[in-house]
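One-letter residues, chain by chain:
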Amino acid sequence: MNNRRHQLAASTLALATLLAASPALADGVPAGSIIENIATATYDDGGVTPRTVVSNPVEVQVDELLNVTTTWQDGSAVPIGSGSAVLTYEVTNTGNGPEAFNLTADPGRTGNDFDVTIDGIAYDTNGNGVYDEGVDVVLGAGEASPVLDADEALTVFVLVSSPGGVTDGQTSDVNLLAEAVTGTGAPGTTFAGQGEGGSDAVVGLTNADADADGSLIARVAQVSLVKSATVADPFGGTEAVPGAIVTFTIVAEVTGTGSFDNFVITDDFPTFTSYEAGTLTLDGATLTDAADADAGEASATGISVDVGTVTSGNDYTVTFDVIVN
């Protein structure tokens, strides 16, 4: 019984010391470790040989300290248009024992110009720091992170999609909260027997939870399409008589700050005209009429030009000729 009192008193002293210090890291004493020592006294009772007496051993099991940090990793606002985006965070177990964390993403922050939809929370499985769809694990509803060892960090991705209707330059924050699965609370809150090796788990100075805001900025491009025509008749004039050549010019102007993928310009040949083979161009470069490796194609009914990705601040010009029948 006396030995148990000594152990409890020593454990209380050790916990008070830990809580007064900075959050424990992996290079501190691991949770569940046993601290043991024995006191020794020597004395001389007048005989030839000095006497030695030892105390009973006292053991203290190091409790698990629950601490965590969360940091946003992107560094600058992540662009989002009308589609989806990925925000990157890092969650670090700054306690002294293994712990998993519940992760919650909140898109409804005060001051947001728009609120995104949370499509999922994933974690980096291949260590490249970039979200790889189909490779990185997306957590299920209510599923915690993997167990992190002391001082281990985990890259976490929050997958979001735009609500639509956003305008260029609007901003939005998304908060990621990490909470120790064992429990959270004020520093010193104790969860008896729930720490590593059956030790107590004790909430550290971070309250066993931590959060960080990641930022998004709307980058929205707009496209205007302007078509014009010029006529060259067989007599050197500009009259649309039979045999005249009509050159159509289509200009796509991209404004704003975003981009579009898979941008394709199509146009049907007008009635009473015939396409002049080999006249299809993109930004002044001649395209073949066949459906081959270049961007253009001229069929029996019209033209199609696959421009690909278009970015704001640029113009893209397609031209072709027809002959008036």
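Before reading on, note that the structure itself is shown above.
Reading the values: rules and limits
Residues numbered from 1 in each chain as written. Predicted model: local features only at pLDDT ≥ 70, side-chain atom pairs only at ≥ 80, totals over all residues. Heavy atoms only, no water. Helix = DSSP H or I, 4+ residues; strand = E, 2+ residues; numbered from the N terminus. Buried < 20%, exposed > 50% of the residue type's maximum accessible area, 1.4 Å probe, protein only. Pairing = 2+ DSSP bridges. Polar contact = N/O pair within 3.5 Å; in protein donor to acceptor, adjacent residues only side chain to side chain. Contact = heavy atoms within 4.5 Å. Phe/Tyr/Trp six-rings, centres within 6.5 Å; stacked < 30°, edge-to-face > 60°. Lys NZ or Arg CZ within 6 Å of the ring centre and 35° of its normal. Core = buried A, V, L, I, M, F, W, Y, C linked by side-chain atoms within 4.5 Å.

## Focus on the environment of Leu 205
Tracing the backbone shows Leu 205 in the loop between β15 (201-203) and β16 (209-218). Look at Leu 205 and you get partly exposed, because its relative accessible area is 46%. A sequence separation of 91 residues divides Leu 205 from Gly 296, and the C-alpha atoms of the two residues are 64 Å apart.

## With respect to the sheet that holds β15
Spatial strand order, β5-β15-β14: three strands in an open sheet with mixed pairing. A single partner strand is all that each edge strand has here, and the edge strands are β5 (64-66) and β14 (190-191).

## Remarks on the sheet that holds strand β8 (residues 84-93)
If you trace the five strands from one edge of the open sheet to the other, you get β6-β8-β12-β10-β11, paired in antiparallel fashion. The open sheet has two free edges, formed respectively by β6 (68-72) and β11 (137-138), since each of these has just one partner strand. Two elements, strand β10 (residues 117-123) and strand β12 (residues 153-161), share six bridges in a ladder whose sense is antiparallel. Within β12, the position partnered with Ile 118 by the bridge is Val 160.

## Some points on the side chain of Thr 281
Take Thr 281: it is sitting in strand β21 (residues 281-282). Here the side chain of Thr 281 touches Thr 319 through a polar contact of 2.4 Å, side chain to side chain. Aside from chain neighbours lying at most four places away, what touches Thr 281 is Thr 286, Leu 287, Thr 317, Val 318 and Thr 319.

## Brief notes about the packing of aromatic side chains
As enumerated under the stated definition, the model contains four aromatic pairs in all. Connected via pairs of aromatic rings, a cluster forms that spans Phe 248, Phe 269, Tyr 275 and Phe 320. When the ring centre of Phe 248 is taken as origin, the NZ or CZ atom of Lys 227, which lies over that ring, is 4.6 Å away.

## A few points about unusual backbone geometry
Phi is positive for Asn 207, which is not a glycine, with a value near 65°. Of note, Asn 207 is situated in the loop between β15 and β16. Unlike most non-glycine residues, Asn 262 shows phi in positive territory, near 55°. Mapped onto the fold, Asn 262 is located in strand β19 (residues 259-268).

## Some thoughts on the nonpolar core
Counting 35 residues, the largest nonpolar core has Leu 103, Val 174 and Leu 216 as the members making the most contacts within it. Counting residues per element, the ones that place at least two in this core are β7 (78-80), β8, β9 (101-106), β10, β12, β13 (171-180), β15 and β16. Of all hydrophobic cores here, the second largest spans 24 residues; its members include Phe 269, Ala 298, Tyr 316 and Val 324.

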